[in-house]
Number of protein chains: 2
Amino acid sequence: MAVEGKGDDSPQQPGLTRQALVRAALRVLEREGVGGLSMRRLASELGVKAPSLYWHVRNKEELLDLLTDELMADAQAPPREGDWREQLREYCVRYRRHLLGKRDAAKVVAGRLVPGPHLLRLMEDQLGRLREAGFADADAAMINYLLGAFVQGFVLQELGPLSASEAMGADRREVATAAGEQLRRLPPETFPHLVALAGDLTGPSMEARFSFALERVLDGLSTLLEQSSGVREEGTSHE
Amino acid sequence: MAVEGKGDDSPQQPGLTRQALVRAALRVLEREGVGGLSMRRLASELGVKAPSLYWHVRNKEELLDLLTDELMADAQAPPREGDWREQLREYCVRYRRHLLGKRDAAKVVAGRLVPGPHLLRLMEDQLGRLREAGFADADAAMINYLLGAFVQGFVLQELGPLSASEAMGADRREVATAAGEQLRRLPPETFPHLVALAGDLTGPSMEARFSFALERVLDGLSTLLEQSSGVREEGTSHE
DNA sequence: ACCTGAACACCGTTCAAGT
DNA sequence: ACCTGAACACCGTTCAAGT
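Calculation criteria
Per chain, the residues get numbers from 1 upward, laid out in the order the sequence is written. Ligands are numbered from 1 and chains lettered from A, in the order in which they are written. Given that this is a predicted model, residues contribute local features only at a pLDDT of at least 70 and side-chain atom pairs are listed and counted only at 80 or more, while totals for whole chains, interfaces and linings are drawn from all residues. The basis for every side-chain value is the complete set of heavy atoms in the structure, and neither hydrogens nor water enter the calculation. Least squares is used to superpose the copies, and the fit set is the C-alpha atoms of residues whose pLDDT is at least 70 in both copies. For this analysis, residues touch if any pair of their heavy atoms sits within 4.5 Å. Structural elements are reduced to axes, namely lines fitted to C-alpha atoms, with helices fitted over the stretch in contact, and the angle between N-to-C directions of any two is expressed from 0 to 180 degrees. Going along the chain from the N terminus, every DSSP run of H or I of four or more residues is numbered as a helix, and every run of E of two or more is numbered as a strand. Any angle that falls under 35 degrees is termed roughly parallel, while one over 145 is termed roughly antiparallel, one within 65 to 115 roughly perpendicular, and all others oblique. By convention the crossing between two helices is left-handed if the near helix lies anticlockwise of the far one by an angle smaller than a right angle, and right-handed if it lies clockwise. Each residue is assigned to one class: nonpolar for Ala, Val, Leu, Ile, Met, Phe, Trp, Tyr, Cys and Pro, charged for Asp, Glu, Lys and Arg, and polar for all the others, Gly among them. Residues are counted as near a molecule or strand when any one of their heavy atoms sits within 4 Å of it. Under this definition, polar contacts are N or O atom pairs within 3.5 Å; protein pairs additionally need one hydrogen-donor-capable and one acceptor-capable atom, and for neighbouring residues in sequence, both atoms have to be side-chain atoms. Each residue after the first adds 1.5 Å to the expected span of a helix. Type-normalised accessible area, obtained with a 1.4 Å probe on protein chains alone, sets the label of each residue: buried when under 20%, exposed when over 50%, and partly exposed for intermediate values. UniProt positions are given in the numbering used here, feature names are shortened, and annotations may be inferred rather than shown by experiment. Buried area is a sum: the accessible area each of two parts loses on coming together, probed at 1.4 Å, counted once for each and added. One side-chain nitrogen of Lys or Arg within 4 Å of one carboxyl oxygen of Asp or Glu is enough to make a salt bridge. To form a nonpolar core, buried Ala, Val, Leu, Ile, Met, Phe, Trp, Tyr and Cys residues must be joined to one another through side-chain atoms within 4.5 Å. Disulfide: a pair of cysteine sulfur atoms within 2.5 Å of each other.

### What about the relation of the copies chain B and chain A?
- Rotating chain B by 180 degrees about the axis while translating it 0.0 Å along that axis superimposes it on chain A, leaving an RMSD of 0.0 Å. A rotation of that kind, with that shift, is consistent with a two-fold axis.
- Take the interface residues of chain B: 100% of them recur as interface residues in chain A, which is what a same-surface contact looks like.

Here is the structure:
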C-alpha cells in the first residue's frame, strides 16, 4: 500500500515532512496573507492539529525562516546579456517583481537574514557577475548585501497602504492626489517646499520611485568601479 | 479642583487624550518591544480597560500610525555645515541612529507612510537643502523618498537576528564567524564565489555595511547633480 | 462624552497522554 | 516516532450597559 517510496533514508513516510509543511505555509500565505498565516490554520491546511507542527519545527520563527527561503525557490536570475549594469538592474527589477508577485512576501522576508539554499544559489550567481565586472571581492560582498536590503526595503514600503487613509476604500491614485491636496493646503510660510513640491512628492508611481532609486544606486556603483580600477591602473600596486 | 486648565477648546479634561495614549504607547514599546505592545497592555499602562481605547482611536493600526509620527518627535536635522553631500550623509547617519536608539522603532515605522507633523517638519527641511544644492524639484522629491526608504529598510534588516541561529544565545560576532565557517564548508565546485568571499560576506559590521551603502547612494546623487547641471549649462533651455 | 463587563473569535506554545 | 486533548496565557474588537 505504501506506493511512493522516496528511496532515501526515511523508511516509513511520516505523513508530515518539513517540505510539506513549508509548501502548505506558502499556500496559506497566498490565500490568507501574512495576518492569516497562523500555526493553527497551517495545521488545518495539513489536516492535523496545531501542536503536531511543533514536532517538525521549533516554533513559528523557524517556520518563517524556512518559508523565507521557499519564497526564493522560483526566483530567476536574469540572462547574462548586456553589461554588468544592465544585469544588476535586471536583477533588482526581477527581485522586486518576484516579491510583489507573491502575496505579502516582502513582509515575511523583510528583517530576515536566512542563508537558505535558494538564496545561496542566487548569491553565488550574483557574486560571480560582480567579480567578473571588476569589483573587488570586499565590494562585491557589500554590493550583494546592499542590493538585497535595498529591494526588500523598497517593496516593503510599497506593500503598506500609501497613507493612513488606507487600503480599505479608495485606490492609490485617489489617495495620492488627496495627499497632494493636503500638502498644498499647508501654511506656505512654514512649509514652503512641501507646498511647492506637493505634486512632485505625491505624483510619482511606485514604479517610478523604484527605478529612480535604482538608477541612483547603479550610478553609485559605476563611480566605485571607476575609482577602484583607476587606482589599480595608476596606483602604487605591488604588481 | 480642576487645576490644570489647558486653555484650549476642551472644557473638562477627559482623563485620556490621544496624546496621552500615544505617549503611553511609546513607553510600552520601549519597555516591552513591539511584540509586547498590545491594546490590553497599553490600556493597563493608562489604568484603564482595553475597550476604552477604541473611543479615542479607531483601531490598533491607527494607534501605530500615531506612534510612528511620535517616534519622529525628537529626531534632529543635522547642522547646516559642509556641502550638500556632507549634510545628506549626516541626515542618514542620524536617522539610522535615531531609529536604532528607540527599541523596535524600525519595526513600527517600516511599511508605514504617515505624513504626521513631525515627519513633515523634517521633510520640509530636507527638501529645502536639496533644492539649495541644485537638485530639480522632481528629483528632490524622489531623493527625499529614496533616503527614507533606504535608511528604514536598512535598519529593519539590522534589527532582526543576523541569522537563523538567533538572538537567543551567541552575540553577533560569534554568529557572523559561524556563518563564515558555514559558507567556507560549501562545495567549492558549485559555490566557488561564496566559498572565496565567505569572509567578505560575513565579516563586515552593520556599521560598515550601512556606510558603504550610503556612500554609494551619495555617489549616485552626485552623478545626477552633475548631469542635470551639465544639461542646464550646455542644454537647449529656453532661458 | 467617556468608560467597563462580558463576550467572540482567535493567537503561540507546552505537555502529558495516546498510538 | 509522530500526533492529539486539554490547557495556559494571551490577542483585537464589538457592543450593550453603565455614569
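So, next bit.
### Observations regarding the packing of helix α5 (residues 84–101) of chain A against helix α8 (residues 137–159) of chain A
Residues and elements named next belong to chain A.
- Following both chains from N to C, one finds α5 and α8 inclined at 40 degrees, their axes separated by 10 Å at the closest point. In terms of orientation, α5 lies oblique with respect to α8. Of the two elements, α5 crosses α8, and the hand of that crossing is right-handed. Of α8, the residues touching α5 (which contributes Leu-88, Cys-92, Tyr-95, Arg-96, Leu-99 and Leu-100) are Leu-147, Gly-148, Val-151, Gln-152, Val-155, Glu-158 and Leu-159.
- Across the contact of α5 with α8, the residue classes break down as 9 nonpolar, 2 polar and 2 charged.

### Brief notes about the protein's contact with DNA strand C
- Taken together, 18 residues lie near DNA strand C, and A:Arg40, A:Tyr54, B:Lys49, B:Ser52 and B:His56 sit nearest.
- A share of 58% is what sugar and phosphate atoms reach among the atoms of DNA strand C within 4 Å of the protein.
- Here a phosphate oxygen of DNA strand C sits 3.2 Å away from a polar atom, N or O, in the side chain of B:Trp55.
- Note that a phosphate oxygen of DNA strand C is positioned 2.6 Å from one of the side-chain N or O atoms of B:His56.
- Of all elements in the fold, only α2 (39–45) and α3 (50–56) of chain A together with α3 (50–56) of chain B reach the threshold of two or more residues within the surface near DNA strand C.
- Residue contributions to the surface near DNA strand C peak at 4 residues, all from α3(B).
- For the surface near DNA strand C, the residue count by class is 9 nonpolar, 4 polar and 5 charged.

### Some words on helix α8 (residues 137–159) of chain B
- In this model, α8(B) (23 residues) spans 34 Å end to end at C-alpha, consistent with the 33 Å of a helix rising 1.5 Å per residue.
- Most of α8(B) sits out of view: 19 of its 23 residues are buried.

### Points about the UniProt feature "DNA-binding region" (unreviewed entry) in chain A
- Under the UniProt annotation, "DNA-binding region" (unreviewed entry) lies at residues 38–57 of chain A.
- Split by type, residues 38–57 of chain A is 70% helix and 0% strand. Its first and last C-alpha atoms lie 14 Å apart.

### Regarding the interface of chain B and chain A
- Every contact between the two is made by 60 residues of chain B and, on the other side, 60 residues of chain A.
- A combined buried area of about 5100 Å² lies between chain B and chain A, and 69% of that area is made up of carbon and sulfur atoms.
- Seen at the junction of chain B and chain A, the total is 0 salt bridges.
- Put simply, chain B and chain A have 10 residue pairs in polar contact (both at pLDDT 80 or more) between them.
- Of all elements in the fold, only α7 (117–133), α8, α10 (192–196), α11 (198–202) and α12 (206–234) of chain B reach the threshold of two or more residues within the side of chain B that touches chain A.
- Per-element tally for the side of chain B that touches chain A: the top contributor is α8(B), with 18 residues.
- Of the residues belonging to the side of chain B that touches chain A, the class tally is 36 nonpolar, 13 polar and 11 charged.

### Topic: the nonpolar core
- Among the nonpolar cores identified, the biggest contains 133 residues, and A:Leu67, A:Phe150, B:Leu67, B:Phe150 and B:Leu221 are the most heavily contacted of them.
- With residues up to four places along the chain from it excluded, the contact list for B:Phe150 reads A:Leu146, B:Phe210, B:Ala213, B:Leu214 and B:Val217.

### Here's the deal with the state of the cysteines
- Taken as a whole and assessed by the stated rule, the structure comprises 0 disulfides over all chains.
- The cysteine A:Cys92 is free of any disulfide, with B:Cys92 supplying the nearest cysteine sulfur at 18 Å.
- The class for B:Cys92 is buried, based on a relative accessible area of 2%.

### Considering the pattern of salt bridges
Residues and elements named next belong to chain A.
- The tally for this structure, following the rule as stated, stands at 43 salt bridges over all chains.
- Across the pair Glu-61 and Arg-112 runs a salt bridge, and its minimum N-O distance is 3.1 Å. Placement of Glu-61 in helix α4 (residues 60–70) and of Arg-112 in the loop between α6 (105–109) and α7 (117–133) is noted, with a sequence separation of 51 residues between them.
- For Glu-61, a relative accessible area of 37% corresponds to the partly exposed category.
- A salt bridge links Glu-158 to Arg-96, with the nearest nitrogen and oxygen atoms 2.5 Å apart.

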